[in-house]
Amino acid sequence: MRKYIFLVVLTLVLFTSHFVRAETWRFEWENSYVSIPIYDSINSYDDVPRAKLYRNNEYLNDASIIYDRNGDWLYYYKDVNTTVPGDYKVWYKANETKYRPGNCANYKQLITFHVYDDISPTITILKKEINLPLNSKDVTYDSYFSVRDNLPDVKVTVDDSNVNYKEEGEYEVKITAIDTSGNKKEDKLKVKIEDGEGPVITFLGKDGVIEVERGSVDDEKEFFMSYFKASDSIDGNVSHTIKYSDVNLNIVGETEVSFTFSDYSGNETSETYLVRVVDKLAPIINLKTDHIDVDYKTEPNLEFYRDYIVEAYDGLDNLIEEVKIDYSEIELKVGTYNVYYSLVDKENNETTKILQVNYKTDKAPEIKTTDVKINVGENINFEDYVVINDDSDPNVYDNLSIDTTKFNNKLAGIYYLNVIVHNSSGLYSNGYLKVEVVDTNGNKGLIINSILISCLVLVVIGAVTYYIIKRKKDKALPN
């Protein structure tokens, strides 16, 4: 008895000591601010932030910690973009699998990934020496150098304060490029001030003709510049100074156009060339979709199919009303048909688009069954007891299926056969066919057995009655 009392007391002591000496758990994080050079892979730094597990303020160096780095609460790992400088925050979560303290203190930490740009812009001098005429004013040096940076919004300054445009000589122009991260690059342009002549024009086309597809040019000036090279002995390439007489590139025809180029001294050179506007491209037709589903009883009409045209144009001309629509293939029955959209422009260029129309029904077949009663061993055609109604599909019986896997015509009983059918629109219906299998031979045997048993009972009753009557008579006779 004392042993039992001792065990109970010991159990209580151990149980209460667990609450008295409750353990405390916490995580402490390190490297919660991570710097990443621009364009570096974030994957190389995602395991830099680490957590340490403490139990009762004691560091557990053998803890097995796994991390959830996907992020949470608007700060997600997937949003870190190392191609754009800035601070990106991600919620990290730590979970310990050996001691399993659960979500203890500081299990979640907001990590900052600082993406910084340390790449300076590059300045490329396009011409070693620039020749400018005397008294040049408002010189634009942008065409003599190019600046590139890994990021947009580079601030470029050109300092030509050392250039004396009123006196011939050689000077230097200072170019400074500073990007948004403060990275700086400097270079110099050599400038020679002297007098000169007008530009020399070189035509880069063929046979003195500029041929252009009607309505195909977005930037007219850039288009014409591609046909010329204009050079000045002092200014170099002055193709960008191109000027030309009026011409409409949206009207088919030929026009003589005068092209003029100038240098920084104001000297001009002009030449005339033939501009030929042609139309060799077919018109454009864009539809909302290339296929639609329509109820098979829908009568086709022009306005219905015209509504599927998004745009139809040739150059800048809107030609929606000129689109011809042919829906003659359509029949009012389930099937797939083509509607043809065609358009011919003034130059007899033709285009055709096809809209595939699927005539379908949204009504599944209707199944009606008649209960069947057969004898054991009798074979029948179950489809004779199934009626399918579907106006949309005259061949719906071809898709009729009756499941007889659990039916046995040699064993009496009631069976329910699953009936499944689908129409050409892919709509299914199912029902059940009740089949009762009866055993007539078994019923005859049961009747004969009943008769025999009844006869036997009558014989036994007669015998018992006879015995009782005989006993009474024997007792009535005198001794």
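Reading guide: rules and limits
Per-chain numbering applies: the sequence of each chain, read as written, is numbered from 1 onward. Side-chain atom pairs in this predicted model are given and counted only at pLDDT of 80 or more, local residue features only at pLDDT of at least 70, and totals for whole chains, interfaces and linings cover all residues. To get the side-chain values, take all heavy atoms of the structure and skip hydrogens and water. When DSSP finds at least two bridges between two strands, those strands are taken to pair. Counting from the N terminus, the helices are DSSP H or I runs at least four residues long and the strands are E runs at least two residues long. A side-chain nitrogen of Lys or Arg and a carboxyl oxygen of Asp or Glu constitute a salt bridge if their distance falls within 4 Å. In this scheme, a residue with accessible area under 20% of its type's maximum is buried, one over 50% is exposed, and one in between is partly exposed, where area comes from a 1.4 Å probe on protein chains only. Polar contact is the term for a pair of N or O atoms within 3.5 Å; when the atoms are in protein, one must be able to donate a hydrogen and the other to accept it, and sequence-neighboring residues count only if both atoms are side-chain atoms. Note on contacts: a residue pair qualifies if any of its non-hydrogen atoms lie within 4.5 Å across the two residues.

S.K.: How should I be thinking about the pairing of strand β25 (residues 309-314) in this particular structure?
M.R.: Side-chain positions along a regular strand alternate between the two faces of the sheet. Note: strand β23 (residues 284-287) against β25, four bridges, orientation antiparallel. Looking at the pairing, I284 lines up with Y313 of β25. Alignment of β25 against strand β26 (residues 317-318), held across two bridges, turns out to be antiparallel. Residue pairing for β26: D314 is matched across the bridge by D317.

S.K.: I'm lost on the pattern of salt bridges in this one. Help?
M.R.: It is possible for side chains of opposite charge to pair when their charged atoms get near one another. One pass over the full model with this rule turns up 18 salt bridges. For E186, the salt bridge goes to K174, with nearest N and O atoms at 3.5 Å. Here the residue E186 occupies a position in strand β15 (residues 184-193), and K174 occupies one in strand β14 (residues 169-178), the gap between them amounting to twelve residues. Owing to a relative accessible area of 38%, E186 belongs among the partly exposed residues under this scheme. The exposure class of K174 is partly exposed, given its relative accessible area of 34%. The network of salt bridges with shared partners includes E211, E254, R276 and K280.

S.K.: How should I be thinking about the sheet that holds strand β3 (residues 50-55) in this particular structure?
M.R.: Here we have three strands laid out as an open sheet, ordered β1-β3-β4, and antiparallel in their pairing. In the strand order of this sheet, the two ends are held by β1 (25-30) and β4 (58-59), each with one partner. Looking at chain direction, β1 and β3 are connected through six bridges and run antiparallel. For E30, the partnering residue across the bridge sits in β3 and is R50.

S.K.: Whenever I open this one, the side chain of E96 confuses me. Can you help?
M.R.: Following the sequence through the fold, E96 ends up in strand β8 (residues 86-96). Among the polar contacts listed, one links the side chain of E96 to the backbone nitrogen of K98, at a separation of 2.8 Å. A polar contact is formed between the side chain of E96 and the backbone nitrogen of Y99, at a distance of 2.3 Å. Sequence-distant contacts of E96, that is, excluding residues within four places in its chain, are made with F27, L53, A63, S64, I65 and P101.

S.K.: In this structure, what is going on with the pairing of β15? I would like to understand it.
M.R.: Pairing of strand β11 (residues 129-132) with β15 involves four bridges; the strand directions are parallel. Residue pairing across strands places I130 opposite V191, the latter belonging to β15. By the bridge criterion, ten bridges tie β14 to β15 in an arrangement that is antiparallel. The residue bridging T176 from the neighbouring strand is E186, located in β15. Linking β14 back to β15 in an antiparallel pair, the connection comprises five residues, with G182 at a positive phi of about 90°.

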